[in-house]
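For reference, the chains in residue letters:
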Amino acid sequence: MRRFIVGTLAIIGAITLFLLLSLGWSLYRLSSPSLPASSSESPIVLKLTLGNQKLPEQPHSRGLMSLIEGTPLSVYSMVTALNHAATDKNVKGILLTIEGNALNIATIQEIREALKAFKATGKFIYTYTDTFGEISNGTKNYYLASASSKIWMMPMGTLNLIGISLEVPFAKKALEDFKIRPQLGRREEYKSMPESATESDFSAPYKENTQRILDTLISQIVADIATDRSLTAEEVRNVLNTAPHLPEKAIAAKMVDELGYMDQVKDAIEKLTDKKPNYVPFDSYATHTSNPSSKGNKVAIIYAEGTIAKGKAQWNPLSDEFAMDASEIAKSIRTAAEDSSIKAIILRVDSGGGNPFASELIGREMDLAKSKKPTIASLSNYAASGGYWIVCNAHKIVAQPSTLTGSIGVFAGKFVTEGFWENYGVHWGELHNGDNSAIWSTGQNYSENGRKKLEDYLDQIYGIFLKKVATGRNLSLEKVRLIAKGQVWNGVEAKENGLVDALGGLTTAIEMAKKEAGLANDPSVTIVHFPVEKTILAMLLDRGRDGEAHALSRYPTFRQALQKLDGIFAKPQIELKMNDKILETLNQ
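Residues numbered from 1 in each chain as written. Predicted model: local features only at pLDDT ≥ 70, side-chain atom pairs only at ≥ 80, totals over all residues. Heavy atoms only, no water.

(A) Expanded view of the side chain of E493. Here E493 lies in helix 19 (residues 491–496). Overall, the relative accessible area of 11% leaves E493 in the buried class. Discounting residues that sit within four places of it in the chain, E493 has contacts with R212 and T216. (Helix = DSSP H or I, 4+ residues; strand = E, 2+ residues; numbered from the N terminus. Buried < 20%, exposed > 50% of the residue type's maximum accessible area, 1.4 Å probe, protein only. Contact = heavy atoms within 4.5 Å.)

Okay, here's the thing in structure tokens:
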């Protein structure tokens, strides 16, 4: 009886919660500003703010906060909305405000591509910022702004177009002081991840590879800015090498068009349009222009974002990093491959790598999908190490010029902490019953035989990786060995080395997928997204990683009721690892 009463109260409470959430969502949607129609009285100008936060590849639910703040823009929704706005006769221009420095370079290139396509239709883009770097690096901010028609900066702002720098901590001495011994192996000399623990400074291969990355990235930025601002590359280099610059110098160097404030920018836009425009928030416009159809031919985009791991996908709020669930990505590929209405698959990757076994789960499903329909890989900021493992067998690979990819290699090992614990009077006793049962113990060094086992393991994983790339990219094993060794390449270099087929972003990948599927001239193709976003009810029903059901779902009757409601309210949603320090630096 007690169980029945508790179950009944739980059902009543959960249904009440669900109704409140539904009411809140409905009120939120009703309060969202509708998209005004343009007229001769009031042209539409889109208000877009960028730089204050990263753009996810696919929006991830933020639980109840999504009811209050809505779903954040993703790279896909932003590019799609910009492409739509370019052909929307009601939209006359964009007012772009740049704040913060959170966007990655490849994401900026993706947005720049869409902004320039918008501008090419004869529409304007006015960009405003308080400053390009506030006692900080403003290179990425300015790179984004340079795609606009006109750049405005606050009269007290500065132009911190200073290039890219990299600072790497080497903890060898600190670990020695703490009596912690790194016992690591790698394949091969360019696989630099372990060096922060084993070296006191850059090794020659690490320095060479990283300096080349920095130099090629800044060359891309300089060349694009020079083109956008009608300057020579030498002129832009001179500005960069003598920065930071005060406002007057920024104007004189033709890097900024006007000094002023936001109200003055709006006055200038009003003069340009001859009427006071309707300013429409870009996220509202993106929401109103994304109405996927569930009929007809489809192309699936499957998002593999973050560290490749086994287990439930997780977001770390402290590091603002996401770890994907390899099983979920593999399942999404399998579902798309088996769906006859889906004619092509795009695997969108933004990952510096992760677990090799988790990577192979995804790679295997890509192998199987490839035998059924076209598979295209679209590389975002990173598709390195394990991130390249999962795409190397796709029919075609598309990357941005600045995408960091390759890093074909592997590392493994352990940190021996016996001396650390003994410093504090802690001794770990040990019993074992096999010659190698303590091989992975952090209480002792590898024995000679144990070290050989580690090296054999590294050789096996590395050998499999090399063969996968050679087979997937139709390259000789000798060629792959030359470009592997843990070396990181940008998109341009990767294309030259045969690791990538074309340069571009999601738009390029979608057009390529349609062409490969024989749908190049079909304007009705629908884009569907995987993994499918879970509804709030699905989250209530979800089982935790330890297999224990959510408390509310322990009651079968209640669970069945929730599942029916979820079906009604669900929206159809049409250490193989690169050096983390490089990723962090390019995120700054």
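(B) Quick look at the sheet that holds strand 7 (residues 278–281). In spatial order, the strands read 6-4-3-2-1-7; together these six strands make up an open sheet with parallel pairing. Among the strands making up the open sheet, the edge pair consists of strand 6 (258–259) and strand 7. Two strands pair when backbone bridges link them, and strand 1 (residues 44–50) and strand 2 (residues 91–98) are joined in this way by seven bridges, in the parallel orientation. Among the inter-strand pairings, L46 is bridged to a residue of strand 2, identified as I94. The sheet strands contacting helix 4 (residues 105–119) are strand 1, strand 2 and strand 3 (124–129), and the helix crosses strand 2 at an angle near 145 degrees. (Pairing = 2+ DSSP bridges. Axes fitted to C-alpha atoms, helices over the stretch in contact; angles between N-to-C directions.)

(C) Inspection of the packing of aromatic side chains at higher detail. Going through the model one piece at a time under the given rule, you end up with 11 aromatic pairs. Between W389 and F465 the ring centres are 4.8 Å apart and the planes differ by 50 degrees, which places this aromatic pair in the tilted class. Note that W389 is positioned in helix 15 (residues 386–389) and F465 in helix 17 (residues 448–473), a separation of 76 residues in sequence. We classify W389 as buried; its relative accessible area is 2%. Its relative accessible area of 0% is what places F465 among the buried residues. (Phe/Tyr/Trp six-rings, centres within 6.5 Å; stacked < 30°, edge-to-face > 60°.)

(D) Main features of a nonpolar patch on the surface. A grouping of F178, W421, Y424, V426 and W428 is seen on the molecular surface, where their side chains present a nonpolar patch of about 560 Å² in accessible area. Counting through the fold element by element, W428 comes out in the loop between helix 16 (418–423) and helix 17. (Patch = residues over 30% accessible without salt bridge, like charges linked within 9 Å, V, L, I, M, F, W, Y side chains within 5 Å. Areas by Shrake-Rupley, 256 points an atom, 1.4 Å probe, with all protein chains shown as cover. Salt bridge = Lys/Arg side-chain N within 4 Å of Asp/Glu carboxyl O.)

(E) Focus on the environment of T227. Tracing the backbone through its elements, the reader meets T227 in helix 8 (residues 204–228). A C-alpha to C-alpha distance of 9.4 Å links T227 and A147, two positions 80 residues apart in sequence.

(F) Broad picture of the pattern of salt bridges. Counted according to the given criterion, the structure contains 17 salt bridges. For the salt bridge of D228 with R112, the shortest nitrogen-to-oxygen distance reads 2.7 Å. Within this pair, whereas D228 is found in helix 8, its partner R112 is found in helix 4, the two being separated by 116 residues in sequence. Taken as a pair, D228 and R112 share a single burial class, namely buried. Note that R229 and D257 form a salt bridge whose closest N and O atoms lie 3.1 Å from each other. Here the residue R229 occupies a position in the loop between helix 8 and helix 9 (233–242), and D257 occupies one in the loop between helix 10 (247–252) and strand 6, the gap between them amounting to 28 residues. On the accessibility criterion, R229 (12% relative accessible area) is buried.

(G) Broad picture of the packing of helix 14 (residues 356–370) against helix 17. Relative to each other, helix 14 and helix 17 sit at 25 degrees, their axes nearing to 13 Å. Classed by the angle they form, the pair helix 14 and helix 17 counts as roughly parallel. Seen along the crossing, helix 14 lies across helix 17 with a hand that is left-handed. On helix 17, the residues that touch P356, F357, E360, D367 and K370 of helix 14 are Y457, I461, K468 and G472. Partitioned by chemical class, the residues of the contact of helix 14 with helix 17 number four nonpolar, one polar and four charged. (Parallel < 35°, antiparallel > 145°, perpendicular 65-115°, else oblique. Left-handed = near helix turned anticlockwise from the far one by under 90°. Nonpolar A, V, L, I, M, F, W, Y, C, P; charged D, E, K, R; others polar.)

(H) Representation of the pairing of strand 2 in the model. Extensive coverage of strand 2 is indicated by the burial of seven of its eight residues. Taken together, the five bridges between strand 2 and strand 3 define a ladder with parallel strand orientation. Of the residues in strand 3, the one forming a bridge with L96 is T127. Crossover handedness for the path strand 2 to helix 4 to strand 3: right-handed. (Right-handed = clockwise from strand over helix to strand, strands pointing away.)

(I) Inspection of the packing of helix 3 (residues 75–87) against helix 4 at higher detail. As a packed pair, helix 3 and helix 4 sit with axes 8 Å apart at the nearest point and diverge in direction by 10 degrees. Classed by the angle they form, the pair helix 3 and helix 4 counts as roughly parallel. On helix 4, the residues that touch V75, M78, V79, L82, N83, A85 and A86 of helix 3 are T107, E110, I111, A114, L115, A117 and F118. Residue composition of the contact of helix 3 with helix 4, grouped by class: 11 nonpolar, two polar and one charged.

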